[in-house]
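Summary of structural features
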Amino acid sequence: MEKVNVALIGAGGMANGVHYPSLAEFDDVNLVGLCDLIPEKLKATAERFEIENTFTDYKRMIEKTNPDAIYVLMPPHHLFDLVIHSLSQGLHVFIEKPPGVTLHQIKSMALLAEKKGCKTMVGFNRRFIPLMKQVKEMVEEKGQIIQCVSTFHKNSPAALYYNGAIDVLSCDAIHTVDALRWMAGGDVKVVSSDINSYYSERENSFNALVKFENGCTGIIMTNWAVGGRIHIFEMHAKGISALINPDLDGSAVIFEGSSRKEITTVEAAGTDANYKAYGFFGENRHFIDCIKSDKQPDTCFADAVKTMELVRLMYANRID
Ligand SMILES: NC(=O)c1ccc[n+]([C@@H]2O[C@H](COP(=O)([O-])OP(=O)(O)OC[C@H]3O[C@@H](n4cnc5c(N)ncnc54)[C@H](O)[C@@H]3O)[C@@H](O)[C@H]2O)c1
């Protein structure tokens, strides 16, 4: 397959901000159709990315454009039917995080994808941030990661996702859960968690101690009721430690005994364009490459089941 024909559902924020700008730069991708329910958004996005065929009915778009793959970029509670229909047509499917609202939904999606032989991907972009990838490689050169920390704080105590359709952990703090699994590089053995509601009617702080089968110890710390965005990661292996803040103005510091090396997010990415430096370009490239080389993407639906399963274990194993 030289070129991948991709159809697109969704002309919203993530589509316009990061995914379609990435896809538009790939010579081996044809954008064969775009669908959105809102005509003004459909028109503006189609014009911006020079997409000829526009639709308000995604089933009709699939019928008319016969794509190899489809992007379904919309809020988690609207995803399921569209993803199941796309998989049932044998299409490779890319979705944003979170992969639906429940573990059951992503399991159903993963089962159908396997049955139909589809490549699938969830946009867990933290794994594709050039700085995160570079530092993980540096740490793993010294040995297996034996301890890792995934931290995400915000100043938004009453945050309500999609009018309450989904909880904070499954919707947004899930980035820490997925990144922890990626850093640890193994399956979860046992979990203990502490979950709180600070100054809110809803739970907004999720903390966990996770033991992995490979011996790695992982720690998740998230709190939406504190001072502001702190989204940082720690990776430790024998004789090496890294503290990483991959935000656009951030950097990683790597310690090896008395040596201290610093790499900025922008240096690692070679650009200060957010869609590239924060992993979105890389994840889109990975999806297209996997389709072309007949490999399942690293963050396929079956893998996302494991991330949602860790979310479930956090709720199930509270110490409070
Ligand atoms: N990876 C990240 O860091 C990150 C950051 C922000 C948001 N997200 C995720 O991205 C996802 C999308 O968020 P967004 O802000 O881009 O959404 P959005 O609301 O801006 O866009 C969704 C679009 O889908 C369209 N739509 C809804 N149902 C449709 C249907 N049946 N057919 C056709 N079009 C339909 C809407 O009209 C809208 O234009 C969310 O799951 C969110 O959690 C991820």
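Residues numbered from 1 in each chain as written. Predicted model: local features only at pLDDT ≥ 70, side-chain atom pairs only at ≥ 80, totals over all residues. Heavy atoms only, no water.

Glancing now at the layout of surface pockets. Of the voids in this model, the largest pocket is the one considered here, and its volume is about 750 Å³. Residue lining of the largest pocket: 37 residues in total, with Met-14, Leu-73, Met-74, Pro-75 and Tyr-162 positioned closest to the centre. At the level of secondary structure, the elements contributing two or more residues to the lining of the largest pocket comprise α1 (13–24), β7 (147–155) and α7 (168–184). When its residues are assigned to classes, the lining of the largest pocket shows 20 nonpolar, eight polar and nine charged. When residues of the lining of the largest pocket are sorted by domain, at least three fall in each of domain 1 (4–125) and domain 2 (126–271 + 301–316). (1 Å grid on protein atoms, 1.4 Å probe; cavity = no way out; pocket = protein on both sides within 12 Å on 5 of 7 lines; lining within 4 Å. Points joined across faces, edges and corners; volume = space filled by probe spheres on them. Helix = DSSP H or I, 4+ residues; strand = E, 2+ residues; numbered from the N terminus. Nonpolar A, V, L, I, M, F, W, Y, C, P; charged D, E, K, R; others polar. Domains from an automatic or database assignment.)

With that settled, the discussion passes to the domain arrangement of the chain. Structurally, the chain comprises domain 1 (4–125) and domain 2 (126–271 + 301–316). The gap between the C-alpha centroids of domain 1 and domain 2 is 27 Å. Every contact between the two is made by 24 residues of domain 1 and, on the other side, 21 residues of domain 2. Buried surface at the junction of domain 1 and domain 2, both sides included, amounts to about 1,800 Å², of which 75% is carbon and sulfur. Of all residues in domain 1, the largest losses of buried area upon contact with domain 2 belong to Leu-103, Phe-124 and Asn-125, amounting jointly to 38% of the total for that side. On the surface where domain 1 and domain 2 come into contact, there are zero salt bridges. Within the residue set of the side of domain 1 that touches domain 2, elements represented by two or more residues are α4 (80–88), β5 (92–96), α5 (103–116) and β6 (120–123). No other element matches α5, which puts six residues into the side of domain 1 that touches domain 2. (Contact = heavy atoms within 4.5 Å. Buried area = accessible area lost by both parts, 1.4 Å probe. Salt bridge = Lys/Arg side-chain N within 4 Å of Asp/Glu carboxyl O.)

This paragraph deals with the site of the ligand. Close to the ligand lie 25 residues; Gly-13, Met-14, Asp-36, Lys-41 and Arg-126 are nearest. At 3.1 Å, a side-chain N or O of Glu-96 approaches a nitrogen atom of the ligand. Computed on the free molecule, the ligand has an accessible area of 870 Å², of which 79% lies beneath the protein chains in the complex. Counting atoms within 2 Å of the grid points, the majority share of the ligand lands in the largest pocket. In terms of residue class, the shell around the ligand is built from 14 nonpolar, six polar and five charged. (Near = heavy atom within 4 Å. Polar contact = N/O pair within 3.5 Å; in protein donor to acceptor, adjacent residues only side chain to side chain. Areas by Shrake-Rupley, 256 points an atom, 1.4 Å probe, with all protein chains shown as cover. Sits in = over half its atoms within 2 Å of the grid points.)

Bringing α4 into the picture now. For α4, the set of buried residues is Leu-82, Val-83, His-85, Ser-86 and Leu-87. At the exit of α4 stands Gly-90, carrying a positive phi of roughly 80°. (Buried < 20%, exposed > 50% of the residue type's maximum accessible area, 1.4 Å probe, protein only.)

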